[in-house]
Amino acid sequence: MTVVIVTGASRGIGKAITDILLNDPSTKVLAVARNEDPLTNLKIKYGEDRVATLAGDVSQENTVKEIIELAISRFGSIDAIVANAGVLNPVDKVENANLTEWKELFNINFFSIVSLVANALPHLRNSKGRVVLVSSGASTKGYVTSKAALNHYAIQLSSEEKDISVISVAPGVVDTQMQIDIREKFGKNMTPEALKRFTDLKSNHELLDPIVPATIYANLASKGFDKELNGKYLRYNDPLLESYSV
Ligand SMILES: NC(=O)c1ccc[n+]([C@@H]2O[C@H](COP(=O)([O-])OP(=O)(O)OC[C@H]3O[C@@H](n4cnc5c(N)ncnc54)[C@H](OP(=O)(O)O)[C@@H]3O)[C@@H](O)[C@H]2O)c1
Ligand SMILES: *[C@@H]1O[C@H](CO)[C@@H](O)[C@H](O)[C@H]1NC(C)=O
């Protein structure tokens, strides 16, 4: 039996990761997101013996504690965490930086993970578990800074904790709500060239299906990975990840 916590499991890449993990009957998932209905649908589809859900905001410290407690009370162990929940906002120039919004961005994309891992560590050490971080290759304003912090966090975690493994992987440009938000909401604050890159990928049907990166994240979480990958930041199509992509 493998127990995996997936954050941001309500849609997009996180939903695809959760479906792939649950296609393996020996895997159990604790699915986390703010919207409850999509999580309830997972329980209906796969059964409550294999799916636990928690509707909450990962940037809240008490939610993080509840996540760990629920995983242990329902499944008894934690083998992997897929830290996928993330947001883009605020997309704006540094000269317009709004500290309240930047701090909220970091609370969700970065500090929630520092907290989740710290609280899960005793259990991850026991299981010789994995932390799989969903990073980004995009240079989208403040967002990229929060993801860069995550990549360095992976280095620190790998150097301190010898019993667990950690990897940070960028998923490519993926056909999810986040890309719709870029095209329809945030594009106006990006440079025309940066926005064009995303709208061109969409119109040329070159956005990735979420299943492509999700397969890699699910395999890294459920099967574990070689020590040579530990602490690294890689893009989804890096040759080092080829064996995890099917
Ligand atoms: N799509 C891309 O092209 C792309 C590229 C690079 C990196 N990424 C990264 O991939 C990850 C998944 O993104 P996506 O494209 O699948 O975007 P998405 O469709 O917007 O999904 C984001 C997920 O995160 C959850 N979430 C957001 N804030 C949360 C919070 N505070 N607490 C709990 N859950 C939260 C959302 O659920 P609720 O709204 O229900 O909470 C949703 O399930 C993100 O980390 C993103 O940065 C995506
Ligand atoms: C910064 O953002 C917050 C949250 O969106 C908003 O309430 C506040 O008015 C903004 N501050 C400035 C100076 O624009």
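For the structure itself, consult the block above.
Being a predicted model, the structure only gives us computed values, none of them experimental.

**Student:** Provide a residue-level description of the nonpolar core, including the pertinent values.
**Tutor:** Formed by 34 residues in total, the largest nonpolar core has its most connected members in I17, V82, I167, L220 and L241. With six residues, helix α8 (residues 211-223) is the largest single contributor of residues to this core. Contact partners of L220, with chain neighbours within four places excluded, come to R130, V132, I167, V169, F225, L229, L241 and Y244. With 33 residues, the next largest nonpolar core counts I5, L54, I81 and L105 among its residues.

**Student:** Residues and numbers for the pairing of strand β6 (residues 165-170), please.
**Tutor:** Across the six residues of β6, six count as buried, placing the element largely inside the fold. In this structure, strand β5 (residues 130-134) lies alongside β6, joined through five bridges in parallel fashion. Along β6, the bridge assignment pairs V134 with V169. When β6 meets strand β7 (residues 233-235), the two strands line up parallel, connected through three bridges. Within the sheet, the bridge partner assigned to V169 lies in β7 and is L234.

**Student:** Let's hear about the side chain of R50: which residues, and what values?
**Tutor:** Of note, R50 is situated in the loop between α2 (36-46) and β3 (51-55). For the buried residue R50, which engages in no salt bridge, the nearest side chain bearing the opposite charge is D24, 5.8 Å off. Discounting chain neighbours no more than four positions away, the residues touching R50 are L21, L22, D24, P25, T27, K28, V29 and F75.

**Student:** Tell me about the site of ligand 1, and name the residues and values.
**Tutor:** Lining the immediate environment of ligand 1, one finds 30 residues, of which S10, R34, N84, Y143 and T176 sit closest. Within the backbone of V58, an N or O atom sits 3.0 Å from a nitrogen atom of ligand 1. One nitrogen or oxygen atom from the side chain of T176 is found 2.5 Å from an oxygen atom belonging to ligand 1. Judged by the proximity of its atoms to the pocket grid, ligand 1 belongs to the largest pocket. Broken down by secondary-structure element, the contributors of at least two residues to the shell around ligand 1 are α1 (12-22), α5 (141-160) and α6 (177-186).

The rules behind these values
Residues numbered from 1 in each chain as written. Chains lettered and ligands numbered in written order. Predicted model: local features only at pLDDT ≥ 70, side-chain atom pairs only at ≥ 80, totals over all residues. Heavy atoms only, no water. Core = buried A, V, L, I, M, F, W, Y, C linked by side-chain atoms within 4.5 Å. Buried < 20%, exposed > 50% of the residue type's maximum accessible area, 1.4 Å probe, protein only. Helix = DSSP H or I, 4+ residues; strand = E, 2+ residues; numbered from the N terminus. Contact = heavy atoms within 4.5 Å. Pairing = 2+ DSSP bridges. Lys, Arg positive; Asp, Glu negative; His and termini not counted. Salt bridge = Lys/Arg side-chain N within 4 Å of Asp/Glu carboxyl O. Near = heavy atom within 4 Å. Polar contact = N/O pair within 3.5 Å; in protein donor to acceptor, adjacent residues only side chain to side chain. 1 Å grid on protein atoms, 1.4 Å probe; cavity = no way out; pocket = protein on both sides within 12 Å on 5 of 7 lines; lining within 4 Å. Sits in = over half its atoms within 2 Å of the grid points.

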